[in-house]
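Listed here are the chains, written in short residue letters.
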Amino acid sequence: MITLSIIKADTGGFVGHTAVHPRLMAEARREIERAKSSGLLIDGHADSCGDDISLIMTHTYGQEAGLIHSFAWDTFQATTHLAKELGLYGAGQDLLSDAFSGNLRGMGPGYAELEFEERPSEPVLCFLADKTEPGAWNLPLYKMFADPSNTAGLVIDEKMHAGFAFEVYDLYEERRIVFDCPADLYDMLMYIGAPARYVIHGVRSKTLGMTAAATSTQRLSLIAGKYVGKDDPVMIVRCQSGLPAVGEALEPFAFAYSVAGCMRGSHHAPLMPVATGQAHPSRFDGPPRVVALGFQIKDGRLIGPRDMFDDPAFDGARRQAVEVMDYLRRHGPFEPHRLPLEDLEYTTMTSITKRLAHRWTPITTEVATPVGS
Ligand code: 13P
Ligand code: 13P
Ligand code: MG
Ligand code: MG
Ligand code: MG
Ligand code: MG
């Protein structure tokens, strides 16, 4: 068995929240190399989307392994140190705790991990997003694993025909449920259509009994109790041989669907699939970006990455994202561009409510003070 872990954090933005400084990336890559030579990792690759660093690692320690999580924590401490030296924006932004204890649960960094028996050929896609939240993976996972209009294999591949089981987390109540699709599909959509609260954590093949996908499901704003940015999620999808083909796993992103995030984590905006060189959301801190890094895993080694959205076939989605961005921006501070009050990341509403409390009167009483008098 090997484990593929993606562990990510924003440890400082260059410039503002748009990108990771090259020196931080170099530091992360140095740490990965050190961990490979010490034998902790079989292989590793450091990459970024927007201002978030992702450590993509293979190892034999399993999911939520203390050794692997503490390695990531130490690496993010080191990049935070550099970020402070360079005065980068929000240095250490996603490191919410002062000391590491056991694993990264609730400490700020996000992670998606899959432990599996490597197949003779093991194609995997690592999706990294910036300026959005974990629920952003709900729509593409539904399409990949439950929508025959997206995934031809659900109809024509015998090993996919029985469907997939989806594990869904309720981020508000800290509980989970497994939906057996296609039988439970309509029930599941009732929940995952509300991605701020219900988030797909993993997907399993019913025929093969293997886990096919994993997402990061931490939500910083809930963990921290105050705004610290959207969680900028990551996701692993294994492909082919009874799982969605690589092209079926990429296809949902040919539509620039709307996600929550963008400026101040408080707006709906289209998700733009981009090559890694374009993963720097600057206009209104958006539009939110997603990159897909493709690997073949062999004896735990990461053969790759291939920059999967570096394909003109996604130009249409990129154009669509710009158009939708223009359209939504013209709403300014109005919904549906701005998130509904309960999902707003900023807490201004609390202080405004307090300040205006005495000026609210029941509509049934006389007008308080006519405007202008
Ligand atoms: P190739 O014939 O190029 O291997 O394609 C097979 C396939 O299933 C593509 O989805
Ligand atoms: P990040 O979570 O990517 O740092 O974004 C924060 C933000 O407020 C962007 O406007
Ligand atoms: Mg940031
Ligand atoms: Mg970010
Ligand atoms: Mg963030
Ligand atoms: Mg072939």
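Residues numbered from 1 in each chain as written. Chains lettered and ligands numbered in written order. Predicted model: local features only at pLDDT ≥ 70, side-chain atom pairs only at ≥ 80, totals over all residues. Heavy atoms only, no water.

(A) Quick look at the nonpolar core. Of all hydrophobic cores here, the largest spans 41 residues; its most connected members are Phe127, Leu141, Phe145, Val237 and Phe253. Ranked by residues supplied to this core, first place goes to helix α3 (residues 138-146) with four residues. One finds Met25, Ala72, Trp73 and Tyr111 within the second-largest nonpolar core, a separate group that totals 27 residues. (Core = buried A, V, L, I, M, F, W, Y, C linked by side-chain atoms within 4.5 Å. Buried < 20%, exposed > 50% of the residue type's maximum accessible area, 1.4 Å probe, protein only. Helix = DSSP H or I, 4+ residues; strand = E, 2+ residues; numbered from the N terminus.)

(B) Structural view of the coordination of the magnesium ion (ligand 3). On the protein side, the magnesium ion (ligand 3) has Asp10 (OD), His17 (ND1) and Asp51 (OD) as donor atoms, found 2.0 to 2.2 Å from it. Motif for the magnesium ion (ligand 3), donor spacing along one chain: D-x6-H-x33-D. (Donors = N, O, S within 2.8 Å, 3.2 Å for Na, K, Ca; no water.)

(C) Representation of the pattern of salt bridges within the structure. With the rule as written, the count across this model stands at 19 salt bridges. Measuring nitrogen to oxygen at the nearest pair gives 3.5 Å for the salt bridge that ties Arg34 to Glu31. Taken as a pair, Arg34 and Glu31 lie in helix α1 (residues 22-37) at a separation of three residues, close to a single helical turn. For Arg34, a relative accessible area of 55% translates into the label exposed. Overall, Glu31 belongs to the buried group, its relative accessible area being 12%. Across the salt bridge formed by Arg238 and Glu122, the nearest N and O atoms sit 2.9 Å from each other. Here Glu122 lies in strand β5 (residues 122-130) and Arg238 lies in strand β10 (residues 234-238), a separation of 116 residues in the sequence. The same class applies to Arg238 as to Glu122, namely buried. (Salt bridge = Lys/Arg side-chain N within 4 Å of Asp/Glu carboxyl O.)

(D) Seen up close, helix α8 (residues 315-329). The end-to-end C-alpha distance of α8, which contains 15 residues, comes to 21 Å, matching closely the 21 Å that a straight helix rising 1.5 Å per residue would cover. Tucked inside the fold, the buried residues of α8 contact β12 (267-270) and β13 (272-273). (Expected span 1.5 Å × (residues − 1). Contact = heavy atoms within 4.5 Å.)

(E) The side chain of Ser205, seen in detail. Mapped onto the secondary structure, Ser205 falls in strand β8 (residues 198-205). Since its relative accessible area comes to 2%, Ser205 is described here as buried. At a separation of 2.9 Å, a polar atom in the side chain of Ser205 contacts the main-chain amide nitrogen of Leu208. Beyond its immediate chain neighbours, meaning those up to four positions away, Ser205 contacts Lys159, Gly163, Phe164, Met210 and Leu243. (Polar contact = N/O pair within 3.5 Å; in protein donor to acceptor, adjacent residues only side chain to side chain.)

(F) View of the UniProt feature "binding site: Mg(2+) 1" (unreviewed entry) in the protein chain. As recorded in UniProt, the feature "binding site: Mg(2+) 1" (unreviewed entry) lies at Asp10, His17, Asp51 and Gln93. Spanning 84 residues, the annotated positions come together in the fold, the maximum distance between their C-alpha atoms being 10.4 Å. By relative accessible area, which is 0% here, Asp10 ends up buried. In this structure Asp10 touches His17, Asp51, Asp52, Gly90, Gly92, Gln93 and Asp94, once residues within four positions along its chain are discounted. A distance of 2.9 Å separates the side chain of Asp10 from the backbone nitrogen of Gly12, its partner in a polar contact. Secondary-structure assignment places Gln93 in the loop between α2 (66-85) and β4 (110-116). (UniProt positions renumbered as here; feature names shortened; annotations may be inferred.)

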